[in-house]
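An overview of the molecular structure
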Amino acid sequence: MSRRQTSRVARGASALAAAGLVVLGGAAPSHAEDEVNIDHLESADGVVSLVLAVDGIPGGATVDPSSVRVEVDGRSVESSAKVISAGDVERTTVLVLDASNSMLQGGKFDAARAAVETFLESAPADVRIGLVTFAGDIGEIIEPTTDHDAVRASLEGIELRKGTSVYDGIAEGLDLVGTEGSRSLLVLSDGGDTNSATTLDVVTTDATNERVVVDVVSLANLRNSATMADLANTTGGQVIPAERDALGTVFSAQADALAQQLLVTFDRPEDAAAEVNLGVSVDADGTAFTDSAFVSIGAAESGPDVVESGKALVGTPGMLGGALALAIGLAGILAVVVGGPSKSSAERRLDAYFGESGGKNSKNKGGGADLKGSAVALTDKVVSADLEFRISRRLAGAGSALTAAEWLLLHAGIAVGLSTLAFIMNGPGLAVLGLVVGAIGPWIYLKFRHSRRLNKFNGQLAETLGLMAGGLQAGLSLPQAVDSVVREGNEPMAGELRRALVEQRLGVDITDALESVGGRMNSKDFEWIVMAIRIQREVGGNLAEILHTVSDTLREREYLRRQVKALSAEGRLSGYILSGLPPAIGLYMTFANPEYIRVLYTTLPGFVLLGLAGFLLALGSFTMAKLSKVEV
């Protein structure tokens, strides 16, 4: 958008002179006469629109819009013109009114208020008008609106105060006038600035950069007129010194200038430069009036943008490898989910021993194993015996029916799947994060399930010992007492003791079978119970009484444990929130504002910061966990 900055009040000079405007010093004001003015210009979609002010034509001659002619760099172009009506161009004027105590002298404020009311009555209905009053500080502020009555009503409540902050008032008006369409300020003051926080140079620069015309009406103050001249001249406006009685004429001329503006439109010449010499002329009473300006009409429309393909994040081999890994991972997940849990290695050996692998199963072997069986078999070969034992124990403690090989296959599938999904969504940086989450997440979930099952198991110990002690007092043997708990107890205690009974029936000593339960569940309390049973079997004694005593001790310890857990809940919750908040915010920002956070996983300093943040977060989480954990 480009605009030649010129004053609409100045263009009403002839009207002011006819009305007998009296100027300090006894001389007539130097107003531009006998000319038209390009007041505002904008270009969009190859069509140039400009606002042409014709109120400066002397004698109030009638202007024929059809006589408007436009030249671009000296070449005539076809154009059309009409008197501006509502909706054609957004026009905004902000009145900046002095409300200092000095305006009381000689009834200047009443005259100013009457002049503003005259302007509000005469201005076209589509013009948005705002109001800013000032004294020692900013007073009444009315946003630009086409409801002129609302602005008029606000004049009644203005209170005069001490001080004169002219520059602050102009700065507030510049903020209020907006950025679109034809815009101007009309400032009325009777004195020099005394209180402003800003300066004349600052408001002059702002008005020039924002292309806002600033016209100043100076009431009986020659020094103020000279001071404000640079502001008005730089922005294309003018300082008009006036007496109180002439204010109504000044503001009426301003309103008439708005009512007489023409809207001229023409198609932008295809071969024209972005900045051109624009000339506009119009005929009135047989005389041609012309204005010209060096303006910007925008660049010519270009063809469709050609989007150049960027550099691929990875090469073709990498993409094929990623696709293969994704296929393997998804196939593993699908096989485990659809096929359900398979038999453990011990169960498979028993089936082979008892000959249950024949028949249909042997036929399947002859035809080749299914997808799930092949994947599990391959994983079973890779997993070492020690790793398989530890994983199987953790899975059993968590109550999962998966074997170690199935768990690892599912784990790998989740890690690869998350990594590939993250890579598709946001490149290799997020893919690394997806791989880390996929590798750590399942272990955290398994640990959570085991911990929850262990807590439930420990909570049932006292009740279990009571049942066993009751059975022993009734004359049952230890295996029979355990069997009574299996039949009458709840999970997970009943399930674990059932497994111990199965092992005992296969030849394992009952204490060894119970010790395996404590190992699978990682329950220190249950291991102590087994130790007490072993000692009793070796040295003798009343086992039922021992179990009753241990049961009472466990109840007291469980009560104390729960009390400590309740008292430390606030600290643990704070630790969870403080530890989880940074990753959660980082994940949210990755999707909400990826450009903002991309630097962390696309640059070396970003990786360093991520590593440092991860280390500090882990250290803080460890410290808070130790502080909030109380051993019972």
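Residues numbered from 1 in each chain as written. Predicted model: local features only at pLDDT ≥ 70, side-chain atom pairs only at ≥ 80, totals over all residues. Heavy atoms only, no water.

**Some points on the sheet that holds strand E10 (residues 213–219)**
The strands that make up a sheet are held in pairs by hydrogen bonds between backbone atoms, and each pair lies either parallel or antiparallel. Spatially, the 6 strands line up as an open sheet ordered E8-E7-E6-E9-E10-E11, and their pairing is mixed. Looking along the sheet, the strands with just one partner apiece sit at the ends: strand E8 (138–145) and strand E11 (239–242). Looking at each pair of strands side by side, their axes are set apart by 15 degrees on average, direction ignored. Two strands pair when backbone bridges link them, and strand E7 (residues 128–134) and E8 are joined in this way by 4 bridges, in the antiparallel orientation. In the strand pairing of E8, isoleucine 129 is matched with threonine 145. Where helix H3 (residues 108–122) meets the sheet, its contacts fall on strand E6 (91–98), E7, strand E9 (182–189) and E10, and the angle it forms with E6 comes to roughly 170 degrees. (Pairing = 2+ DSSP bridges. Helix = DSSP H or I, 4+ residues; strand = E, 2+ residues; numbered from the N terminus. Axes fitted to C-alpha atoms, helices over the stretch in contact; angles between N-to-C directions. Contact = heavy atoms within 4.5 Å.)

**Focus on the nonpolar core**
In this structure, Met468, Leu497, Leu514, Phe526 and Leu547 are the most contacted members of the largest nonpolar core, which totals 30 residues. Broken down by secondary-structure element, the contributors of at least two residues to this core are helix H14 (404–459), helix H15 (461–473), helix H16 (478–488), helix H17 (493–505), helix H18 (510–521), helix H19 (524–539) and helix H20 (543–567). When sequence neighbours within four positions are dropped, the list of residues in contact with leucine 514 reads Leu497, Ala500, Phe526, Val530 and Ile533. (Core = buried A, V, L, I, M, F, W, Y, C linked by side-chain atoms within 4.5 Å. Buried < 20%, exposed > 50% of the residue type's maximum accessible area, 1.4 Å probe, protein only.)

**Quick notes on the confidence of the model for the protein**
Looking at the protein as a whole, its pLDDT mean stands at 76, while 77% of the residues score no less than 70. Between residues 1–34, whose pLDDT stays under 50, and residues either more than four places distant or in other chains, the model counts 114 contacts. (pLDDT = per-residue confidence, 0-100.)

**Some words on the pairing of E11**
Side chains on a regular strand alternate between the two faces of the sheet. On E11, burial covers both faces: Val239 and Pro241 on one face and Ile240 and Ala242 on the other are all buried. Inspection of the sheet shows E10 paired to E11 by 4 bridges, in the parallel sense. If you follow leucine 219 over to E11, its bridge partner there is alanine 242.

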